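# Fold and contact review
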Amino acid sequence: PRKYSTVGSILEKGANRAIEVAFGKNEDFDEHLTSADNIVEGAIDIFLACFMGLCQKMPSSPALKSMTGQILGGTIESSDWPTGNSSHQVHARHKLALAVCESLKTTSSQDLLV
């Protein structure tokens, strides 16, 4: 339905923006007001809500497959430490991977499991 495509677009944009923020690609915050850890945790919470919403409402969305591949694939690739990634990025990547796995547990669609 049309309303799901609109909601899906909003959830997709929210999840993608949360990924950017979790990896520190956000120049809009003031480091003195908010710690990086709080920003990462908040971004991961937003990602989880958006991603889980997509899993439940639009389980066959290409965006889900893309984000799942990006996060899980990147996590596997980044497991060869040490790398150029900061510990903050490694932590964010692992937390995002856990959020993806948690969301996939809740979906009844088999499309994402292939």
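Residues numbered from 1 in each chain as written. Predicted model: local features only at pLDDT ≥ 70, side-chain atom pairs only at ≥ 80, totals over all residues. Heavy atoms only, no water.

### Concerning the overall build of the chain
Inclusion rule: Comment: elements are numbered from the N terminus, with helices defined as DSSP H or I runs of at least four residues and strands as E runs of at least two. Under the scheme applied here, a residue whose accessible area is under 20% of the maximum for its type counts as buried, over 50% as exposed, and between as partly exposed, the area being computed with a 1.4 Å probe on protein chains only. Each accessible area value is a Shrake-Rupley result obtained with a 1.4 Å probe; residue values ignore everything except the protein chains displayed when judging cover.
If you tally the helices and strands in the chain, you get four helices and zero strands. If you list the helices and strands of the chain from N to C, you get α-α-α-α. Of all 114 residues assigned to the chain, the portion counted as buried reaches 36%. When the accessible surface of the chain is split by element, carbon and sulfur atoms take 55% of a total near 7,000 Å².

### Regarding the nonpolar core
Taken as a class, soluble globular proteins show a tendency for nonpolar side chains to be buried jointly. Convention followed: In plain words, nonpolar cores are sets of buried Ala, Val, Leu, Ile, Met, Phe, Trp, Tyr and Cys residues tied together by side-chain atoms within 4.5 Å. We call two residues contacting when some pair of their heavy atoms lies within 4.5 Å.
Counting 26 residues, the largest nonpolar core has Ile19, Phe47, Phe51, Met67, Ile71 and Leu96 as the members making the most contacts within it. Those elements that provide at least two residues to this core are α1 (2-22), α2 (36-57), α3 (62-77) and α4 (87-106). In terms of residue count, the dominant contributor to this core is α2 (nine residues). In contact with Phe47, not counting residues within four places along its chain, are Ala15, Ala18, Ile19, Met67, Ile71, Leu96, Ala99 and Val100.

### Overview of the pattern of salt bridges
As a reminder, the rule being used: By definition here, a salt bridge exists when the distance from a side-chain nitrogen of Lys or Arg to a carboxyl oxygen of Asp or Glu is within 4 Å.
Summed over the entire model, instances satisfying the criterion amount to three salt bridges. Linking Arg17 and Glu20 is a salt bridge whose minimum nitrogen-to-oxygen distance equals 3.0 Å. Of this pair, Arg17 and Glu20 both sit in helix α1, three residues apart, roughly one helical turn. Note that Glu102 and Lys105 form a salt bridge whose closest N and O atoms lie 3.5 Å from each other. Highlighted residues: Glu102 and Lys105, both in helix α4, separated by three residues, approximately one helical turn.

### Some details on the packing of aromatic side chains
Two measures describe an aromatic ring pair: the distance that separates the ring centres and the angle between the ring planes. Quick reminder of the rule: Note on ring pairs: Phe, Tyr and Trp rings are taken, using the six-membered ring of Trp, and paired if centres are within 6.5 Å. Classes follow the plane angle, with under 30 degrees stacked, over 60 edge-to-face and the rest tilted.
Within the structure shown, the criterion is met by one aromatic pair. Between Phe47 and Phe51, the aromatic rings sit 5.2 Å apart at their centres with planes inclined by 25 degrees, giving stacked as the arrangement. A residue pair is termed a helical-turn pair when its members lie 3 or 4 positions apart in one helix, as Phe47 and Phe51 do in helix α2 at four residues.

### Structural notes on the environment of Gly69
Position of Gly69 relative to the elements: it lies in helix α3. For Gly69 and Val100, which are 31 residues apart along the polypeptide, the C-alpha to C-alpha distance reads 10.0 Å.

### A few points about α2
The criterion, for reference: Take the number of residues in a helix, subtract one, and multiply by 1.5 Å to get its expected span.
The end-to-end C-alpha separation of α2 is 31 Å, in line with the 32 Å expected for 22 residues at 1.5 Å each. Taken together, the buried positions of α2 are occupied by Ile39, Val40, Ala43, Ile44, Phe47, Cys50, Phe51, Met52, Gly53, Leu54 and Cys55.

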